[in-house]
Amino acid sequence: MKRLRQKLKNSRGLTLVEMMAASAILILLALMLHTGLIMAQDSYNKMTSESESQLLLSTLTDLLANELRYARDVETGADGVLSNYTSVNYGRHTTLSLNAETKQLEASGRQMLSSGAYGNGAYQIETCSITYTEDTGLFHVQLKVAGPSSIANEAEFFVRCLNAEGGEGGTT
């Protein structure tokens, strides 16, 4: 350290080799810092994508569970796939489908969630399958949500239809 101070006080200064060595060390430190920051940013982006995908899946799960729980006049195809039903929120002959272009869930052609819930298009529903078993009064729902960086989350759940029996709430 004393030698360095003496060199700096000396009018001759540092040699070219010493300056090159100092520059090389600074460049290496800058590269290490840059690499660390890039890795941290990638990690942050992946974690954010994963959590936003899980949040969308959770929101869709709650939305569908609440919608199907109070369904009436449930109609299915021969394979048990939900055809249409009477909805408290969307009226008679409600059909649930995915918009072919945006891959967002719709009830009778109306968006069920705003596009902001889908990250303004960054997240999409890859698959949505809803079947109904009349004997048990259960809907079986399977969802798969995909986002950037090939992040995908899946959920499978059952919803008991509370209006499945009797009167207006019967099934066909």
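You'll find the structure just up there.
Residues numbered from 1 in each chain as written. Predicted model: local features only at pLDDT ≥ 70, side-chain atom pairs only at ≥ 80, totals over all residues. Heavy atoms only, no water.

1. What about the sheet that holds strand β8 (residues 138-146)?
Thought 1: In spatial order, the strands read β7-β8-β9; together these 3 strands make up an open sheet with antiparallel pairing. On the outer flanks of this sheet lie β7 (124-133) and β9 (152-160), each paired with one strand and no other. Taken over all neighbouring pairs, the strand axes of this sheet differ in orientation by 10 degrees on average, direction set aside.
Thought 2: The sheet contact formed by β7 and β8 spans 9 bridges and is antiparallel. By the bridge assignment for β8, Tyr132 is matched with Phe139.
Thought 3: Sheet strands touched by helix α2 (residues 16-69): β7, β8 and β9. Its angle to β9, the strand with the most contacts, is close to 15 degrees. (Pairing = 2+ DSSP bridges. Helix = DSSP H or I, 4+ residues; strand = E, 2+ residues; numbered from the N terminus. Axes fitted to C-alpha atoms, helices over the stretch in contact; angles between N-to-C directions. Contact = heavy atoms within 4.5 Å.)

2. Things to note about the side chain of Glu67
Thought 1: Residue position: Glu67 is located in helix α2.
Thought 2: It is Arg110 that comes nearest to the buried, bridge-free Glu67 among opposite-charge side chains, at 8.7 Å.
Thought 3: A polar atom in the side chain of Glu67 sits 2.2 Å from the side chain of Ser87.
Thought 4: Setting aside chain neighbours within four positions, we find Glu67 in contact with Tyr85, Ser87, Asn89, Tyr90 and Met112. (Buried < 20%, exposed > 50% of the residue type's maximum accessible area, 1.4 Å probe, protein only. Lys, Arg positive; Asp, Glu negative; His and termini not counted. Salt bridge = Lys/Arg side-chain N within 4 Å of Asp/Glu carboxyl O. Polar contact = N/O pair within 3.5 Å; in protein donor to acceptor, adjacent residues only side chain to side chain.)

3. Let's talk about the packing of aromatic side chains
Thought 1: A full pass over the atoms with the stated rule returns 1 aromatic pair.
Thought 2: The interplanar angle of 45 degrees and the centroid separation of 4.6 Å between the aromatic rings of Tyr132 and Phe139 together place this pair among those described as tilted. Just as Tyr132 is buried, Phe139 falls in that class too. (Phe/Tyr/Trp six-rings, centres within 6.5 Å; stacked < 30°, edge-to-face > 60°.)

4. Re the sheet that holds strand β1 (residues 72-76)
Thought 1: On the basis of which strands lie adjacent, the open sheet formed by 3 strands has the order β1-β2-β3 and antiparallel pairing. The outermost strands of the open sheet, each flanked by one partner alone, are β1 and β3 (91-94). Strand after strand, the sheet turns through a mean of 5 degrees between neighbouring axes, direction not considered.
Thought 2: Where β1 and strand β2 (residues 82-87) come together, 3 bridges link them in antiparallel fashion. Bridge pairing links Thr76 to Leu82 in β2.

5. Notes on the pairing of β8
Thought 1: From the end of β7 to the start of β8, which pair antiparallel, there are 4 residues, and Gly137 there has a positive phi angle of about 70 degrees.
Thought 2: With 9 bridges connecting them, β8 and β9 associate as antiparallel partners. Considered in β9, the bridge of His140 is made with Phe158.
Thought 3: Two successive antiparallel strands, β8 and β9, enclose a turn made up of 5 residues, where Ser149 displays a positive phi of approximately 60 degrees.

All we've got here are geometric facts, nothing functional implied.
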